[in-house]
Amino acid sequence: MKIFLVRIRERLDGSLYIERKPHATTDDDYIAISHVWGTPDTVQKYVVDGIAWKVSLSPGKQDILPLLRRSDICGDGWFWMDLFCIDQSESSSISISDQLMAIPSIYKCSRCVKVLLESPVCEQWQETAMRAFEQGPINEQGFQEEELAHGSTCPHLAFTDPWFERLWTRQEGLYARVMDFIVLKPVPCKRKRRDPTSDWISHGSLLAHRFRAETFLMDKLAYHGVEPSTAEGSLFSIYFDVIYRRCVNIAAYDCEPGPDPKYNPIREAWRSLRSTAKARDYVLAVFPDVNGYKVPAGARKMNFPDLLLDAIHQPAVSAHFQVAPKVPRGVVSSSVKATESILPWLVDKPFNIGEAYDTFTADTTRSGEKTRNFAVPGNVELEDINATSSGLETLRNDWKRTANINRHVILLSPSGPCTGSTRQDPNEVVGLLQQHFAQEFMQISVSGYLPPEKMDMLEFRANKILPFNKIAEVPEDVFARELKRFLACLICGVSLTIADRVLEMAEVVRAVTPHGSLLAIIHRETRLAARQDQFILVCSSLWDLQGFSIGLKISGGISVRGRTMIPNSSVWDSIEGQVAKK
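These lines cover the structure that appears in this document, whether it is placed above or below. The structure presented is a predicted model; accordingly, all values stated were derived computationally and were not measured.

So, on to the packing of aromatic side chains. Following the criterion strictly, the structure yields 25 aromatic pairs and no others. Seen in terms of ring centroids, Phe-159 and Tyr-239 are 6.4 Å apart; in terms of plane orientation they differ by 40 degrees. Their pairing is tilted. With Phe-159 in the loop between α6 (140-153) and α7 (167-175) and Tyr-239 in helix α9 (residues 228-245), this residue pair connects regions lying 80 residues apart in the sequence. The pair formed by Phe-159 and Tyr-239 is uniform in burial state, with each residue classed as buried.

So, in structure tokens, the structure goes:
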């Protein structure tokens, strides 16, 4: 495949310039550079000797040629870097479309991908980590606790670099077989003492950053065919390779160059929470990893929702994935046709790929043991929830008795409030309430995996740091508002931002059936205008990804106007028992 390659040359006077290699291909020996462009407010355009256009450089790369010529980066060898090798001029010998289509192959075929980290990184903690590695087997849990303890007072850890937050660098990292991470700005340790509240918030922020890094590494192992159980066992090893040894070779993990046929780029990209400047890139940077996906003509002129709907309806995508709406269109708009009401509602301008993919989920295989596709027998009544502190126990019981909790946990947004990892100032009402609801609902799930002593420790730490006693002073309307936001996140598996958008048009209700009460969301105006006997619960083949759809009987069929949480086995036993009697 034809590409452009460059190298850095030195004149007799010592000045450096870029030289382009004629007739380069991906079969050549070269290094690929992966880096973050920077933010619009910091990036400036510079003239680089040998490049016909001005190059956009972040502050950490302004002295770009001496930097790249370092022996640990490119030296005198040939390399590919988007700043120098994507030629958009009309005279280019390779069309811009061919250059863009070649990017995956460029990173896959490179001898090594050099990742440039521009954030300050603490030298002292790096030395401490490497000393622990050299002394023998590392206690993983103890090391991770020490890492967070250090980072809570010294923020300069490698996994906080923006490279782990940008969408296109995710792709570059996935494709690479060999990666070297280059810290451009090592700094002395700068630890500062904080009060317990600030330390708790900082700890949560570090957890979120480390989660992003670990998610990428699990993603990378899955891309190259490592089974989930093996990947979890290898996670600390590859994490240490990347963050501290700063080099990784997938050959060390008994895998072949990806993508693996079972790899799910849609789900893994959603979990990454990475961001990009153009919303359309949330499709164009992910779906090309689905074998057979075709970028539509005029993709650059299409908006994000249209581009995403085109993607999930392409035969190659539908052949590999079953796509289930977590927020159907009919939940936020009654004006759509009945056939379109089941499609996922999509956000126009998502902040990150978590928001972009929040309202639907995709699975590579049928995850349920049975194929179920019918109307649920028995009447359904939609009731207002009691969203006060006195009604909280009833809602918790509904969740505990009738929800498939493990399925919901898998589908929860990593940036949502339900995991309790998103930490705001607990002295602010919103942050305190969302942490309280996470404690109330999610301990049911966590208790199934942690021994009692661990659960007691988690509860002790939360009660020691968080002033839950102040909840009694919260006005009822504020309590109700925040509880409904939390429940929308819990039912649909979305972030608070998406929940707020949904709740502008929908509301949280209890769907009372002969088989148990299920928490649900329903289009508000539809509920007010329709009779109870017009509603029906409908089960589709995607029941274990989206629960039941709440259908409105209309002339000519059923229009989806809501959804329930995913039911557990006791609900299904009741339903199937009634079906068998008929």
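Alright, that's what it looks like, and here's the rest.
With that settled, consider the sheet that holds strand β14 (residues 506-513). In any sheet, the strands associate via hydrogen bonds between backbone groups, in a parallel or an antiparallel arrangement. Taken in spatial order, the seven strands line up as β12-β16-β17-β18-β15-β14-β13 in an open sheet, and their pairing is antiparallel. Strands with a single pairing partner mark the edges of an open sheet, and in this sheet they are β12 (374-375) and β13 (381-384). Inspection of the sheet shows β12 paired to strand β16 (residues 535-539) by two bridges, in the antiparallel sense. Within the sheet, the bridge partner assigned to Phe-374 lies in β16 and is Cys-539. The sheet contacts of helix α16 (residues 392-402) involve β14 and β15 (516-523), and relative to β15 the element is tilted by about 105 degrees. Each of β14, β15 and β18 (557-564) is contacted by helix α20 (residues 476-492), which is oriented at about 105 degrees to β15, the strand it contacts most.

The next point concerns the pattern of salt bridges. Inspection of the entire model under this criterion finds 31 salt bridges. As a salt-bridge pair, Arg-329 and Glu-340 come within 3.8 Å of each other at their nearest N and O atoms. Here Arg-329, found in helix α14 (residues 329-332), pairs with Glu-340, found in the loop between α14 and α15 (353-356); they are 11 residues apart in sequence, far enough to count as distant. Residue Glu-507 is joined to Arg-527 by a salt bridge in which the shortest nitrogen-to-oxygen separation is 2.8 Å. Of the two residues, Glu-507 is situated in strand β14 and Arg-527 in helix α22 (residues 524-529); the sequence distance between them amounts to 20 residues. Each member of the pair, Glu-507 as well as Arg-527, is classed as buried. Bridged by salt links that share partners, the residues Arg-267, Glu-268, Arg-271 and Asp-363 form one connected network.

Each value, and the rule that gives it
- Residues numbered from 1 in each chain as written.
- Predicted model: local features only at pLDDT ≥ 70, side-chain atom pairs only at ≥ 80, totals over all residues.
- Heavy atoms only, no water.
- Phe/Tyr/Trp six-rings, centres within 6.5 Å; stacked < 30°, edge-to-face > 60°.
- Helix = DSSP H or I, 4+ residues; strand = E, 2+ residues; numbered from the N terminus.
- Buried < 20%, exposed > 50% of the residue type's maximum accessible area, 1.4 Å probe, protein only.
- Pairing = 2+ DSSP bridges.
- Contact = heavy atoms within 4.5 Å.
- Axes fitted to C-alpha atoms, helices over the stretch in contact; angles between N-to-C directions.
- Salt bridge = Lys/Arg side-chain N within 4 Å of Asp/Glu carboxyl O.

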